[in-house]
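Topology and contacts: notes
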Amino acid sequence: MSILEVSGLCKAYPSFRLEDVSFELPEGKITGFIGRNGAGKTTTLKSLLGFVHPDAGSVRFFGMDWSANEQRIKQMIGYVSGGVSFYRSKRLRVITAVTRSFYPDWDDAMYRACMERFGLDENKTPAQLSEGMKVKYAMALALSHRAKLLILDEPTSGLDPVSRDELLDILLALQREGVTILFSTHITSDLEKCADDILYIRQGRILAHDDIRRFTDSYRFVTLTEEQHARADRSLLVGEKQGKADWRSIIRTQDMPRLGLPCQKADLETIMVHLEKEA
């Protein structure tokens, strides 16, 4: 079952255009949404949720059209963005009380469980919380109406490595409980720890949507000496970069026999860097 179906999403700005963005989000998986800054990740997510009005395209959550079922769908999804902002001097319990009023299906037991799970004290104010704790609090609010889909826009941005690792553990635990997650980030190493699939956007267009292991396995990393680079079939090299005393590139795994040089497995960040250079 597809939790989210996006078809032909377009949005034009004077200096940027989101073009024909289409994808489906499978139930019960963590999908990492990647792309360099300005590639269209946030515009896509905001278009899905009505924060930005797209010029064309359709969006369906849980088989329902967004435009006709916005209020019902909002009860079933949670949205968290990096750099979470709350009233700095209000106690968390006050913020929670306001948030609770918007959700008829609010589950107070779930809220209490999340607050305990994340080590949060609702008598504190946002000004007293670290950036990581603010993200955890936003997650607690998103989960307390039993959201079936979490949409996370750069939630680990600005977090220290320990806080990021804790958040990834939380996402994996939520997945085991049946929550589907769309996770936008530019920290690709985070996705290699938790994501099932990746959705890769480049210059406003979807470049790839695939199982993360299958995607990374389809490329290899190669280092060439100047002499090897001069003799190599350059058409096989993807996004080649000159180093201090060598050349570095990725190559499609299927082309390794034609290149005839030793290659290494490539991680997601390496693949992205070289594909962006090719663009």
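Refer to the preceding data block for the structure.
Model, not experiment: these values are computed from the prediction.

**Describing the overall build of the chain**
The helix and strand tally for the chain stands at eleven helices and 14 strands. The burial tally for the chain puts 49% of its 279 residues in the buried class. The long-range share in the chain, meaning contacts at least 24 apart out of those at least 6 apart in sequence, stands at 69%. Carbon and sulfur atoms make up 46% of the accessible area of the chain, which amounts to about 13,700 Å² in all. Both charge centroids of the chain, one from 38 positive and one from 39 negative side chains, sit 4 Å from each other.

**Observations regarding the sheet that holds strand S12 (residues 237–242)**
Reading across the sheet, the four strands line up as S12-S13-S11-S14 and stay open at both edges, with antiparallel pairing between neighbours. Looking at strand neighbours, the two that pair on one side only are S12 and strand S14 (264–265), the edges of this open sheet. Sheet topology note: the S12/strand S13 (residues 247–252) ladder contains four bridges and is antiparallel. Among the inter-strand pairings, leucine 237 is bridged to a residue of S13, identified as isoleucine 251. Strands in contact with helix H11 (residues 268–278) are strand S11 (219–224), S12 and S13; relative to S12, the strand with the most contacts, it is inclined by about 90°.

**Quick word on the environment of lysine 241**
Inspection of the secondary structure puts lysine 241 in strand S12. Sequence-distant contacts of lysine 241, defined by excluding residues within four places in its chain, comprise Asp246, Trp247, Arg248, Val273, His274 and Lys277.

**Some details on the packing of aromatic side chains**
Per the stated rule, a full pass over the model turns up five aromatic pairs. Measuring from ring centre to ring centre gives 5.5 Å for phenylalanine 61 and tryptophan 66, while their planes differ by 55°; the resulting arrangement is tilted. Exposure class is identical for phenylalanine 61 and tryptophan 66. Each is buried. Where tryptophan 106 meets tyrosine 111, the ring centres are 5.7 Å apart and the plane angle is 45°; that geometry is what we call tilted.

**A look at the pairing of strand S7 (residues 149–153)**
Judged by how many residues are buried, S7 sits mostly within the fold: five of five residues are covered. Sheet topology note: the strand S6 (residues 77–81)/S7 ladder contains five bridges and is parallel. Within S7, the residue paired with serine 81 across the bridge is aspartate 153. Relative to strand S8 (residues 180–184), S7 runs parallel, the two being bridged by five bridges. The residue of S8 that forms the bridge with leucine 149 is threonine 180.

**Considering the environment of glycine 239**
Structurally, glycine 239 can be placed in strand S12. Residues glycine 239 and glutamine 228, spaced eleven residues apart in sequence, show a C-alpha to C-alpha distance of 16 Å. Residues in contact with glycine 239, not counting those within four places in the same chain, are Arg248, Ser249, His274, Lys277 and Glu278.

**Quick notes on the packing of helix H4 (residues 108–117) against helix H5 (residues 131–143)**
Relative orientation of the contacting elements H4 and H5 amounts to 160°, with a least axis distance of 9 Å. By the criterion of interaxial angle, the relationship of H4 to H5 is roughly antiparallel. In this structure, H4 crosses over H5, and the sense of that crossing is right-handed. Of the residues in H5, those in contact with Met110, Tyr111, Cys114 and Met115 of H4 are Tyr137, Ala140, Leu141 and Leu143. Split by residue class, the contact of H4 with H5 holds eight nonpolar, no polar and no charged.

**Quick notes on the sheet that holds S7**
Taken in spatial order, the six strands of this open sheet run S6-S7-S8-S3-S9-S10, and their pairing is mixed. Edge positions in the sheet fall to S6 and strand S10 (205–211), since each has one partner strand and no second. On average, adjacent strands in this sheet sit at an angle of 15° to one another, irrespective of strand direction. Two elements, strand S3 (residues 30–34) and S8, share four bridges in a ladder whose sense is parallel. Along S8, the bridge assignment pairs phenylalanine 33 with serine 184.

Calculation rules
- Residues numbered from 1 in each chain as written.
- Predicted model: local features only at pLDDT ≥ 70, side-chain atom pairs only at ≥ 80, totals over all residues.
- Heavy atoms only, no water.
- Helix = DSSP H or I, 4+ residues; strand = E, 2+ residues; numbered from the N terminus.
- Buried < 20%, exposed > 50% of the residue type's maximum accessible area, 1.4 Å probe, protein only.
- Contact = heavy atoms within 4.5 Å.
- Areas by Shrake-Rupley, 256 points an atom, 1.4 Å probe, with all protein chains shown as cover.
- Lys, Arg positive; Asp, Glu negative; His and termini not counted.
- Charge placed at Lys NZ, Arg CZ, Asp CG, Glu CD.
- Pairing = 2+ DSSP bridges.
- Axes fitted to C-alpha atoms, helices over the stretch in contact; angles between N-to-C directions.
- Phe/Tyr/Trp six-rings, centres within 6.5 Å; stacked < 30°, edge-to-face > 60°.
- Parallel < 35°, antiparallel > 145°, perpendicular 65-115°, else oblique.
- Left-handed = near helix turned anticlockwise from the far one by under 90°.
- Nonpolar A, V, L, I, M, F, W, Y, C, P; charged D, E, K, R; others polar.

Purely spatial values, then, with no claim about function.
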